[in-house]
Amino acid sequence: MKIQRFSGLISSVGSVIFGITMIGWSDLYVPFLPMIFAIILILGGCFHLCAMGLAFRPHRLPAWLYVIPVALLGMGFAIMYADKEVLTAQYIVLMSGIGLIIFALNAWIELWFIYKFNRVPVKATPVDDVIEVEAVEEK
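Colleague: With reference to specific residues and values, describe the overall build of the chain.
Modeller: Looking only at helices and strands, one finds four helices and zero strands in the chain. Secondary structure elements of the chain occur, N-terminal to C-terminal, as α-α-α-α. By the burial criterion, 21% of the 139 residues in the chain qualify as buried. In the chain, of all internal contacts separated by at least 6 residues, the share reaching a separation of at least 24 is 75%. When the accessible surface of the chain is summed, it comes to about 11,200 Å², and 71% of that surface belongs to carbon and sulfur atoms.

As structure tokens, this is what we get:
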């Protein structure tokens, strides 16, 4: 319990200090914003791919659902590696906003599939299909 309070206190103080520096010296952060937005989108795409690949393991999801995280990855890498003369700050913010909306929509779709999978009862193994095997005695 003390570790949680301590880590919460450190993250709160760090957030306040970070926010004050962003307000006071915003010029320092402008060159890093495209990279930050790109990393957020890439991590979001990786998160959804891992969540759909691991969390839904006993169930199969439709293939079209994997397009959304791949699009997030593509948007993130486009922001990260595109020429900044072509991809202006306005487009970077627009792509980041669209990516975050897509991230949220994908999370809602995943929650709907979780609800759908939890509502359907799991089929039990029929007892008639079980074959009893007797132990073989050695001589």
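Once the structure has been displayed, the description carries forward.
Colleague: Go over the packing of helix 2 (residues 33–55) against helix 4 (residues 89–119) with me, naming the residues and quoting the values.
Modeller: Where helix 2 meets helix 4, the axes come as close as 10 Å, and the angle between the chain directions of the two elements is 20 degrees. Comparing the axis directions of helix 2 and helix 4 gives the class roughly parallel. Helix-helix and strand crossings are classified by hand; for helix 2 and helix 4 the assignment is left-handed. Across from Pro34, Phe37, Ile40, Leu41, Gly44, Phe47, His48, Ala51 and Met52 in helix 2, the residues of helix 4 making contact are Ile92, Val93, Met95, Ser96, Gly99, Leu100, Phe103, Asn106, Ala107 and Glu110. By residue class, the composition of the contact of helix 2 with helix 4 is 13 nonpolar, five polar and one charged.

Colleague: Account for the packing of aromatic side chains, with residues named and values stated.
Modeller: Scanning the entire structure with this criterion turns up three aromatic pairs. Considering the side-chain rings of phenylalanine 47 and phenylalanine 103, the 6.1 Å spacing of their centres and the 40 degrees angle between planes classify their relative orientation as tilted. Taken as a pair, phenylalanine 47 in helix 2 and phenylalanine 103 in helix 4 lie far apart in primary sequence, 56 residues in all. Summarising the aromatic geometry, the rings of phenylalanine 77 and tyrosine 81 are spaced 6.2 Å apart at their centres and angled 10 degrees between planes, so their arrangement reads as stacked. Of this pair, phenylalanine 77 and tyrosine 81 both sit in helix 3 (residues 67–81), four residues apart, which is roughly one turn of the helix.

Colleague: Go over the nonpolar core, please, and point to the residues and values.
Modeller: Judged by nonpolar contacts, Ala38, Leu41, Ile42, Leu72, Leu73, Met75, Ile79, Met80, Leu87, Ile92 and Met95 together constitute the single largest core of eleven residues. For this core, the secondary-structure elements that each account for two or more residues are helix 2, helix 3 and helix 4. Here this core gets five residues from one element, more than from any other, and that element is helix 3. Not counting residues within four places of it along the chain, the set of residues in contact with leucine 87 comprises Ala78, Ile79, Ala82, Ile92 and Met95. Met52, Leu61, Leu65 and Phe117 belong to the second-largest nonpolar core, a separate cluster that totals five residues.

About the cut-offs
- Residues numbered from 1 in each chain as written.
- Predicted model: local features only at pLDDT ≥ 70, side-chain atom pairs only at ≥ 80, totals over all residues.
- Heavy atoms only, no water.
- Helix = DSSP H or I, 4+ residues; strand = E, 2+ residues; numbered from the N terminus.
- Buried < 20%, exposed > 50% of the residue type's maximum accessible area, 1.4 Å probe, protein only.
- Contact = heavy atoms within 4.5 Å.
- Areas by Shrake-Rupley, 256 points an atom, 1.4 Å probe, with all protein chains shown as cover.
- Axes fitted to C-alpha atoms, helices over the stretch in contact; angles between N-to-C directions.
- Parallel < 35°, antiparallel > 145°, perpendicular 65-115°, else oblique.
- Left-handed = near helix turned anticlockwise from the far one by under 90°.
- Nonpolar A, V, L, I, M, F, W, Y, C, P; charged D, E, K, R; others polar.
- Phe/Tyr/Trp six-rings, centres within 6.5 Å; stacked < 30°, edge-to-face > 60°.
- Core = buried A, V, L, I, M, F, W, Y, C linked by side-chain atoms within 4.5 Å.

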